[in-house]
Amino acid sequence: QVQFVESGGGLVQAGGSLRLSCVVSGFTFGSYAMGWYRQAPEKQRELVASISRSGTTNYRDSVKGRFTITRDNAKNTLYLQMNSLKPEDTAAYYCYAIGLHGPWGLGTQVTVSS
């Protein structure tokens, strides 16, 4: 079955860095564009970054220049390198296959202290 397993979150001071990973299974990873999403308490889930099957990337304005999304199709793994973290980046982060219909993973919590 479709599975997303996110990891790499944690508590970091403002200005710090984290690298998130997401291992997927149950579908052909290379056939889907992928995205990293985040959800802060009492807020809607939002798309942070996406990467197409061919590697074209897009970012929401608030993370441009700080976050980098990459994928390793051989390892069925999606990554998000997050630098210069800010307190407003605090949220649970999830990965998902764009256009796929299936359950979301548990996410990984990122907390940035000021």
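Scoring rules and cut-offs
- Residues numbered from 1 in each chain as written.
- Predicted model: local features only at pLDDT ≥ 70, side-chain atom pairs only at ≥ 80, totals over all residues.
- Heavy atoms only, no water.
- Helix = DSSP H or I, 4+ residues; strand = E, 2+ residues; numbered from the N terminus.
- Buried < 20%, exposed > 50% of the residue type's maximum accessible area, 1.4 Å probe, protein only.
- Disulfide = S-S within 2.5 Å.
- Pairing = 2+ DSSP bridges.
- Axes fitted to C-alpha atoms, helices over the stretch in contact; angles between N-to-C directions.
- Contact = heavy atoms within 4.5 Å.
- Lys, Arg positive; Asp, Glu negative; His and termini not counted.
- Salt bridge = Lys/Arg side-chain N within 4 Å of Asp/Glu carboxyl O.
- Core = buried A, V, L, I, M, F, W, Y, C linked by side-chain atoms within 4.5 Å.

Enquirer: Even after reading the chapter, I still don't get unusual backbone geometry, so can you show me in this structure?
Expert: Look at Glu-42: it is not a glycine, yet its phi comes out positive at around 65°. When you line up the elements, Glu-42 lands in the loop between β4 (34-39) and β5 (46-51). Here the phi dihedral of Ser-84 falls at roughly 50°; this positive angle occurs in a residue that is not glycine. For Ser-84, a relative accessible area of 40% corresponds to the partly exposed category.

Enquirer: Explain the state of the cysteines here, please?
Expert: A covalent bond between the sulfur atoms of two cysteines is referred to as a disulfide. All chains considered together, the criterion is met by one disulfide. The disulfide partner of Cys-22 is Cys-95, and the gap between their sulfur atoms is 1.7 Å. Here the residue Cys-22 occupies a position in strand β3 (residues 18-25), and Cys-95 occupies one in strand β9 (residues 91-97), the gap between them amounting to 73 residues. The pair formed by Cys-22 and Cys-95 is uniform in burial state, with each residue classed as buried.

Enquirer: Help me out: how do you make sense of the sheet that holds strand β1 (residues 3-7) in this one?
Expert: Either a parallel or an antiparallel arrangement is found when strands of a sheet pair, and the pairing is made through backbone hydrogen bonds. On the basis of which strands lie adjacent, the open sheet formed by four strands has the order β1-β3-β8-β7 and antiparallel pairing. The open sheet terminates on both sides in strands that have one partner only, identified here as β1 and β7 (67-72). The mean inter-strand angle of the sheet, taken between neighbouring strand axes irrespective of direction, is 15°. Where β7 meets strand β8 (residues 77-82), six bridges bridge the pair, whose relative direction is antiparallel. Bridge pairing links Arg-71 to Leu-78 in β8.

Enquirer: How should I be thinking about the environment of Gly-8 in this particular structure?
Expert: Note on placement: Gly-8 falls in the loop between β1 and β2 (10-13). Exposure remark for Gly-8: the relative accessible area of 34% places this residue in the partly exposed category. Along the sequence, Gly-8 and Leu-18 sit 10 residues apart, while their C-alpha atoms lie 7.0 Å from each other. Not counting chain neighbours up to four residues away, the residues in contact with Gly-8 comprise Leu-18, Arg-19, Leu-20 and Thr-108.

Enquirer: Explanation requested: the side chain of Glu-6 in the structure shown.
Expert: Along the chain, Glu-6 turns up in strand β1. Although buried, Glu-6 forms no salt bridge, and the nearest oppositely charged side chain, Arg-45, lies 7.7 Å from it. Discounting residues that sit within four places of it in the chain, Glu-6 has contacts with Ser-21, Cys-22, Trp-36, Tyr-93, Tyr-94, Cys-95, Gly-105, Leu-106, Gly-107 and Thr-108.

Enquirer: Please explain the nonpolar core as it appears in this structure.
Expert: The tendency in soluble globular proteins is for nonpolar side chains to be buried as a group. Phe-4, Met-34, Trp-36, Leu-78, Leu-80, Met-82 and Tyr-93 are the most contacted members of the largest nonpolar core, which totals 31 residues. Contributing elements (two or more residues each) for this core: β3, β4, β5, β7, β8, β9 and β10 (108-113). Sort the elements by how many residues they give to this core and β9 lands first, with five residues.

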